[in-house]
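What follows is each chain in one-letter form.
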Amino acid sequence: AQRVTQPEKLLSVFKGAPVELKCNYSYSGSPELFWYVQYSRQRLQLLLRHISRESIKGFTADLNKGETSFHLKKPFAQEEDSAMYYCALPPPEGQNFVFGPGTRLSVLP
Amino acid sequence: GAGVSQSPSNKVTEKGKDVELRCDPISGHTALYWYRQSLGQGLEFLIYFQGNSAPDKSGLPSDRFSAERTGGSVSTLTIQRTQQEDSAVYLCASSDYRGLIYEQYFGPGTRLTVT
């Protein structure tokens with residue numbers, strides 16, 4: 001069965017420090033992974049997706065099939081990056097998304 | 001264009017009462033999802049509708065929970081005989097399924113408080 005794990009429930013870093021939010025998955029096939037973000041008092045929204053290979057708000061994520069990981073990275077964290085981050089995996093049948101448990105990122109001044 | 005909307009934004013109800021939560025998806029989106037987000041917790045999948053197919057109800061926590069989607073558009077999540085553990089934010093999302101490449105658009109959520 002498809003599964004997504006995010007080992008850190010809470011991650012605190014100082015402003016300007018690098019940040020890496022971990023995501024590991026189990027999947028039989030070629031996955032298309034997503035990162036979603038929820039800022040305080042805002043709705044959950046897509047941050048970036050693997051297939052578009054883009055950098056959004058300075059964040060990037062590389063799919064590592066050997067390690068079955070899709071870690072989210074940013075070289076210099078900003079206070080406005082403080083939010084809840086979810087890694088997500090759509091199953092091959094195009095049915096329900098599988099979300100990880102989420103990591104709350106806190107960027108300290 | 002208009003995004004996913006949910007109503008009410010907040011609902012306070014007494015234990016044992018029934019509640020209905022409404023979701024208006026983005027027009028034309030064939031897929032609709034309900035999730036629950038409890039305080040400090042992640043997303044808990046509840047139910048999924050895709051077109052005219054039978055819904056995936058595998059995430060509904062008990063038979064007190066049910067959902068309908070009328071005319072392939074608006075959806076209503078009903079919780080009967082509410083319990084305090086039902087208190088959470090209920091999120092709705094819709095997506096336009098095109099093979100594997102699609103994303104979910106989320107509504108603002110309904111915060112349910114059972115007293």
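First things first, this report covers the structure right here in the doc. (Residues numbered from 1 in each chain as written. Chains lettered and ligands numbered in written order. Predicted model: local features only at pLDDT ≥ 70, side-chain atom pairs only at ≥ 80, totals over all residues. Heavy atoms only, no water.)

### Some words on the overall build of chain A
Part 1 of the argument: Looking only at helices and strands, one finds 0 helices and 11 strands in chain A.
Part 2 of the argument: Traced from its N-terminal end to its C-terminal end, chain A shows the element sequence β-β-β-β-β-β-β-β-β-β-β.
Part 3 of the argument: Reported as C-alpha extents along the three principal axes, the dimensions of chain A are approximately 45 × 30 × 25 Å.
Part 4 of the argument: Sorting the 109 residues of chain A into buried and exposed places 49% on the buried side.
Part 5 of the argument: Residue pairs at least 24 apart in sequence account for 59% of intrachain contacts in chain A once pairs closer than 6 positions are excluded.
Part 6 of the argument: In the structure as shown, chain A presents an accessible area of about 5400 Å², 50% of it carried by carbon and sulfur atoms. (Helix = DSSP H or I, 4+ residues; strand = E, 2+ residues; numbered from the N terminus. Buried < 20%, exposed > 50% of the residue type's maximum accessible area, 1.4 Å probe, protein only. Contact = heavy atoms within 4.5 Å. Areas by Shrake-Rupley, 256 points an atom, 1.4 Å probe, with all protein chains shown as cover.)

### Here's the deal with the overall build of chain B
Part 1 of the argument: A tally of helices and strands in chain B yields 0 helices and 10 strands.
Part 2 of the argument: Along chain B, helices and strands appear, N-terminal first, in the series β-β-β-β-β-β-β-β-β-β.
Part 3 of the argument: Over its C-alpha atoms chain B spans a radius of gyration of 14 Å, differing by no more than 12% from the 13 Å that the globule rule assigns to 115 residues.
Part 4 of the argument: With the C-alpha coordinates of chain B rotated into their principal frame, the extents come out at 40 × 30 × 25 Å. (Rg over C-alpha atoms; globule rule 2.2 N^0.38 Å.)

### With respect to the environment of Ser26 of chain A
Residues and elements named next belong to chain A.
Part 1 of the argument: Topologically, Ser26 is positioned in strand 4 (residues 24–26).
Part 2 of the argument: For Ser26, a relative accessible area of 30% puts it in the partly exposed group.
Part 3 of the argument: For the pair Ser26 and Asp81, spaced 55 residues apart in sequence, the C-alpha to C-alpha distance is 27 Å.
Part 4 of the argument: Beyond its immediate chain neighbours, meaning those up to four positions away, Ser26 contacts Ala1, Gln2, Arg3 and Leu89.

### A short note on the side chain of Gln6 of chain A
Residues and elements named next belong to chain A.
Part 1 of the argument: Examined against the element boundaries, Gln6 turns out to sit in the loop between strand 1 (3–5) and strand 2 (10–14).
Part 2 of the argument: A relative accessible area of 5% means that Gln6 is categorised as buried.
Part 3 of the argument: At 3.0 Å, the side chain of Gln6 forms a polar contact with the backbone nitrogen of Gly102.
Part 4 of the argument: In this structure Gln6 touches Lys22, Trp35, Tyr85, Tyr86, Cys87, Gly100, Pro101, Gly102 and Thr103, once residues within four positions along its chain are discounted. (Polar contact = N/O pair within 3.5 Å; in protein donor to acceptor, adjacent residues only side chain to side chain.)

### Some words on the sheet that holds strand 7 (residues 60–61) of chain A
Residue and element names in this part refer to chain A.
Part 1 of the argument: The strand order 3-8-7 describes an open sheet built from 3 strands, whose pairing is antiparallel. The sheet is open, and its two borders are formed by strand 3 (19–21) and strand 7, each paired with just one other strand.
Part 2 of the argument: By the bridge criterion, 3 bridges tie strand 3 to strand 8 (residues 72–74) in an arrangement that is antiparallel. Bridging across to strand 8, Glu20 finds its partner in Lys73. (Pairing = 2+ DSSP bridges.)

### Focus on the pairing of strand 5 (residues 34–38) of chain A
Residue and element names in this part refer to chain A.
Part 1 of the argument: Most of strand 5 is tucked away, with 5 of its 5 residues classed as buried.
Part 2 of the argument: The side-chain alternation of strand 5 yields two buried faces, one formed by Phe34, Tyr36 and Gln38 and the other by Trp35 and Val37.
Part 3 of the argument: Direction of pairing for strand 5 relative to strand 6 (residues 45–49): antiparallel, over a ladder of 4 bridges. Opposite Trp35, over in strand 6, you have Leu48 as the bridge partner.

### Notes on unusual backbone geometry
Note: most residues except glycine have negative phi, and most peptide bonds are trans.
Part 1 of the argument: With an omega dihedral of -10 degrees, the bond running from Ser7 of chain B to Pro8 of chain B counts as a cis peptide bond.
Part 2 of the argument: With a phi angle near 55 degrees, Lys57 of chain A is a residue other than glycine that sits in the positive phi range.
Part 3 of the argument: Structurally, Lys57 of chain A is set in the loop between strand 6 and strand 7.
Part 4 of the argument: Judged by its relative accessible area of 48%, Lys57 of chain A is partly exposed.
Part 5 of the argument: Of note, the phi angle at Thr68 of chain A is positive, near 45 degrees, even though the residue is not glycine.
Part 6 of the argument: Among the residues examined, Thr68 of chain A registers a relative accessible area of 30% and is labelled partly exposed.

### Some remarks on the sheet that holds strand 1 (residues 5–7) of chain B
Residues and elements named next belong to chain B.
Part 1 of the argument: One open sheet accounts for 4 strands, arranged 1-3-7-6; its pairing is antiparallel. Each of the sheet's edge strands pairs with one partner strand only, and the pair in question is strand 1 and strand 6 (65–69). Adjacent strand axes in the sheet meet at a mean angle of 15 degrees, parallel and antiparallel pairs treated alike.
Part 2 of the argument: Across 5 bridges, strand 6 lies against strand 7 (residues 75–79) in antiparallel orientation. Residue pairing across strands places Ala67 opposite Leu77, the latter belonging to strand 7. (Axes fitted to C-alpha atoms, helices over the stretch in contact; angles between N-to-C directions.)

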